[in-house]
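Fold and contact review
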Amino acid sequence: MLNYTFNWSIITSGQYFDWLVTGLLTTLKLSAVSIVLAFVLGLLIAVMRMGHNRPFRWFAHVYLEFFRNTPLLVQIFFWYFGSYKILPTFINDWLNETGFEFAAAAIALTIYTSAFIAEDIRSGVLSIPKEQMEAARSAGFSYLRSMQYIILPQAVRITIPPLVNQFLNVAKNSSLAMTIGVMEMTYQARQVESYTFRGFEAFTAATVVYLALSIIITALVNIYNEKVLNAHKAA
Amino acid sequence: MITFKGVHKWFKKLHVLNDINLHITPGEVLVVCGPSGSGKSTLIRTINQLEPINDGSLIVDGMDLSDKKTDLNKLRAEVGFVFQQFNLYPHLSVIGNITLAPTKIRNIPKKEAEEQAMALLTRVGLAEKRDAYPLQLSGGQQQRVAIARALAMKPRIMLFDEPTSALDPEMIGEVLAVMKDLALSGMTMVVVTHEMGFAREVAHRVVFMDNGVILEEAPPEDFFMRPQHERAKQFLRQLLTPMQCECP
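Residues numbered from 1 in each chain as written. Chains lettered and ligands numbered in written order. Predicted model: local features only at pLDDT ≥ 70, side-chain atom pairs only at ≥ 80, totals over all residues. Heavy atoms only, no water.

**A few points about the overall build of chain B**
So the rule is basically this: Secondary structure is summarised from DSSP: a helix means a run of H or I of at least four residues, a strand means a run of E of at least two, and numbering begins at the N terminus for each. We call two residues contacting when some pair of their heavy atoms lies within 4.5 Å. For accessible areas, the Shrake-Rupley method is used with a probe of radius 1.4 Å. Any residue's cover is judged against the shown protein chains and nothing else. For the purpose of counting charges, residues Lys and Arg are taken to be positive, whereas Asp and Glu are taken to be negative. His and the chain ends are not included. Where a charge lies is defined by one atom per residue type: Lys uses NZ, Arg uses CZ, Asp uses CG and Glu uses CD.
In terms of regular secondary structure, chain B is built from nine helices and 10 strands. Overall, chain B is about 55 × 45 × 30 Å in size when its C-alpha atoms are taken along their principal axes. Considering only contacts within chain B whose residues lie at least 6 apart along the sequence, 65% involve residues at least 24 apart. Working note: accessible area of chain B is about 11100 Å², and carbon and sulfur atoms make up 51% of it. Seen as two clouds, the 28 positive and the 29 negative side-chain charges of chain B have centres 5 Å apart.

Structure follows, in structure tokens:
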């Protein structure tokens, strides 16, 4: 029979609680940085992929295929173990001072996610009637300006449900950063387990935190969609 | 103001514009009509280069469109275009639609652009709709906003591509009234339309096209009373009394 006595107090107070909180803060920081950068980079890649400049289009195409079709863990290892060998010394020194593990994880998450975001935005843009681009061009906007003011604001609105998915993936995928020693939520939960053998409590705490994080991200995007973009009015 | 000289255009093998020669003077209102597929929409779309031309020369407001160095964005800012399907920006309010190009292209301060926009909205009779979104408006209202949006750039030429063809019959009048008011103010206008009442009353000249060729070019009274070509006669008969069509 079940002869395990739960001891929740071990993770709700004291040193182990502090570890979990610092882990949560690192996860939040890593996710936030990666989400913002991945969104900006994804927009840029999507515009390059759809533009008229051949080298840019070609570059974006290769970028998308490459980063979408290789495992995130391999990419994290690449930036952590691989890039060290090819980057100039002064960059390595700077990265070492600022936390190389965190930087490598953020770069890998950003680039990996940006490829998915770019494809989501591109399919959003393709669903905007071509007459919108004609209306913008006939008003005197250049291609890029038309994208900026007329096409992308509409495309991003359509893309919000898949974008939420990508943001949630970032928050969850950030747990892979523990493999290169970033002391985020999962890493700290593992630490607590190692010190206390309280694996059930520690990983339950981590699970609840990830779940709460996901729910909060979804809610924030929905509020933005309703209040800022007036989605209900503009249909 | 607009001069076509020997203009040709092909879509693959289809010869959509065949040796177009046409001169439009400042302040003129020109109506272009013809059966569907005659090339009239393509003709009007070449004027702001939504469709590039393949041969000949086209000069619009002193800018040579066959010259690669001509800044098309600058040209388009001077030429207002009104579409059949309105093509308002659905993510922006009415006032946002009208002020976007003036603030971003002409760099007019937002407040001034909004005052101008309100004056235009009043002119097209929609001042109370300033904060509505396009999809909350009827077709006729959307088209009037689209006209105000084009006018906000203070264009020197206005192009209308079948502006009433997508509207319910009840809403055609309100749009034509705005266009008539604009014509009376001295705007240079090229209008592709099947509204023969508008052509008769407002146009200075009517152009009839078929198969990419301009068949007739005449003042409205001559065009309606004494059409020269058999194809034009047939077109007018069908337009005026559609039930007696001479279908094979």
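After that view of the structure, there is still more to cover.
**Digging into a nonpolar patch on the surface**
Residue and element names in this part refer to chain A. What counts here: What makes a patch is a set of residues exposed beyond 30% relative accessible area and free of salt bridges, joined within 9 Å when like-charged and within 5 Å when nonpolar (Val, Leu, Ile, Met, Phe, Trp, Tyr). The salt bridge criterion pairs a side-chain nitrogen of Lys or Arg with a carboxyl oxygen of Asp or Glu, the two atoms within 4 Å. Partly exposed describes any residue whose relative accessible area lies between the buried limit of under 20% and the exposed limit of over 50%, with all areas from a 1.4 Å probe on protein chains only and scaled to the type maximum.
Residues Leu2, Tyr4, Phe6, Trp8 and Phe200 make up a contiguous nonpolar surface patch of about 550 Å² in total accessible area. Within the element layout of this structure, Tyr4 appears in the segment before α1 (9–12). Looking at Tyr4, the relative accessible area reads 32%, which means it is partly exposed.

**Here we look at the interface of chain B and chain A**
Where we set the bar: Buried area: the accessible area, evaluated with a 1.4 Å probe, that two parts lose upon being put together, summed over both parts. Whenever two N or O atoms come within 3.5 Å, that pair is a polar contact, provided that in protein one can donate a hydrogen and the other can accept it, and provided that, for residues adjacent in sequence, both atoms are side-chain atoms.
Of the residues lining the interface, 23 residues belong to chain B; the matching set on chain A comes to 21 residues. For the pair chain B and chain A, the summed buried surface comes to about 1900 Å²; carbon and sulfur atoms form 57% of the total. When the area that chain B buries against chain A is broken down by residue, the three leading residues are B:Tyr89, B:His91 and B:Tyr133, summing to 29%. Counting across the interface, chain B meets chain A through one salt bridge. Among the salt bridges present, the one from B:Arg45 reaches A:Glu134, with a minimum N-O distance of 2.5 Å. Connecting chain B to chain A are five residue pairs in polar contact (both at pLDDT 80 or more). Looking at the side of chain B that touches chain A, the elements that each hand over two or more residues are α2 (72–78), β6 (79–82) and α3 (94–104) of chain B.

**What about unusual backbone geometry?**
All names here are of chain B. Even without being a glycine, Lys12 presents a positive backbone phi close to 55°. Looking at the secondary structure, you find Lys12 in the loop between β1 (2–11) and β2 (14–24). Given the relative accessible area of 83%, Lys12 is considered exposed. Within the chain, Asp61 stands out as a residue other than glycine whose phi angle is a positive 50°.

**What about helix α5 (residues 139–151) of chain B?**
Counted only if it meets this: The span you would expect from a helix comes to 1.5 Å times its residue count less one.
Helix length check: α5(B) (13 residues) gives 18 Å between terminal C-alpha atoms against 18 Å at 1.5 Å per residue, within 8%. Summarising burial for α5(B): 13 of the 13 residues are buried, a large majority.

**A short note on the sheet that holds strand β9 (residues 205–210) of chain B**
Residue and element names in this part refer to chain B. What counts is decided by this rule: A strand pair is defined by DSSP finding two or more bridges across the two strands. A fitted line through C-alpha atoms represents every axis, and for helices the fit uses only the stretch in contact; the resulting angles, taken between N-to-C directions, go from 0 to 180 degrees.
Here we have six strands laid out as an open sheet, ordered β6-β7-β8-β3-β9-β10, and mixed in their pairing. This sheet does not close on itself; its edge strands, each paired only once, are β6 and β10 (213–218). Within the sheet, the average angular offset between the axes of one strand and its neighbour, ignoring direction, is 15°. Both β9 and β10 contribute to a ladder of five bridges, which runs antiparallel. Residue pairing for β10: Val207 is matched across the bridge by Glu217. The sheet contacts of helix α1 (residues 40–47) involve β3 (29–33), β6, β7 (157–161), β8 (188–192) and β9, and relative to β7 the element is tilted by about 150°. Each of β3, β9 and β10 is contacted by helix α9 (residues 230–240), which is oriented at about 105° to β9, the strand it contacts most.

**Some points on the confidence of the model for chain B**
Spelled out, the test is: Per-residue confidence from the prediction method is given by pLDDT, with values spanning 0 to 100.
Averaged over every residue, the pLDDT of chain B is 93; the share at 70 or more is 97%. This prediction of the complex comes with two scores: 0.82 for pTM and 0.90 for ipTM.

**Details of the pairing of β1(B)**
All names here are of chain B. As paired elements, β1 and β2 share seven bridges and run antiparallel to each other. The partner of Val7 across the bridge, within β2, is Ile20. Where β1 folds back on β2, the antiparallel hairpin that results is connected by two residues, among which Lys12 adopts a positive phi of roughly 55°.

**So, the sheet that holds β1(B)**
Residues and elements named next belong to chain B. As summarised here, the arrangement of the four strands in space is β2-β1-β4-β5, forming an open sheet in which the pairing is antiparallel. The sheet is open, and its two borders are formed by β2 and β5 (63–64), each paired with just one other strand. As defined by bridge partners, β1 adjoins strand β4 (residues 55–60) across five bridges and the pair is classed as antiparallel. The partner of His8 across the bridge, within β4, is Asp55.

**Notes on the pairing of β6(B)**
All names here are of chain B. Residues of β6 alternate between two faces, with Val79 and Phe81 on one and Gly80 and Val82 on the opposite face, all of them buried. Inspection of the sheet shows β6 paired to β7 by four bridges, in the parallel sense. Across the sheet, the residue bridging to Gly80 is Met158, located in β7.

**As for the packing of helix α2 (residues 14–50) of chain A against helix α8 (residues 143–173) of chain A**
Any two packed helices are characterised by how steeply their axes cross, that is the angle between the axes, and by the distance between the axes. Residue and element names in this part refer to chain A. For clarity, the cut-off: Geometric relationships in this document are graded by angle, where less than 35 degrees denotes roughly parallel, more than 145 denotes roughly antiparallel, 65 to 115 denotes roughly perpendicular, and other angles denote oblique. Handedness of a helix crossing follows the sense of rotation of the near helix relative to the far helix, less than a right angle counterclockwise being left-handed and clockwise being right-handed. Think of it as three bins: nonpolar holds Ala, Val, Leu, Ile, Met, Phe, Trp, Tyr, Cys and Pro, charged holds Asp, Glu, Lys and Arg, and polar takes everything else, Gly as well.
With their axes 10 Å apart at the nearest point, α2 and α8 run at an angle of 135° to one another. For the element pair α2 / α8, the angle class is oblique. Note on packing geometry: the crossing formed by α2 with α8 is right-handed. Residues Ser31, Ser34, Ile35, Phe39, Leu43, Val47 and Met50 of α2 touch α8, and the partners they reach there are Tyr143, Leu144, Met147, Leu152, Val156, Leu163, Phe167, Val170 and Ala171. The residue makeup of the contact of α2 with α8, split by class, is 14 nonpolar, two polar and no charged.

**Topic: the packing of helix α7 (residues 130–138) of chain A against α8(A)**
Residues and elements named next belong to chain A. Two numbers describe how α7 lies on α8: the axes approach to 9 Å, and their chain directions differ by 140°. Relative to α8, the element α7 lies oblique. When the axes of α7 and α8 are compared, the crossing they make is right-handed. Residues Gln132, Met133, Ala136 and Arg137 of α7 form the contact with α8, whose participating residues are Tyr143, Ser146, Met147, Ile150, Ile151 and Gln154. Looking at the contact of α7 with α8, its residues break down into six nonpolar, three polar and one charged.

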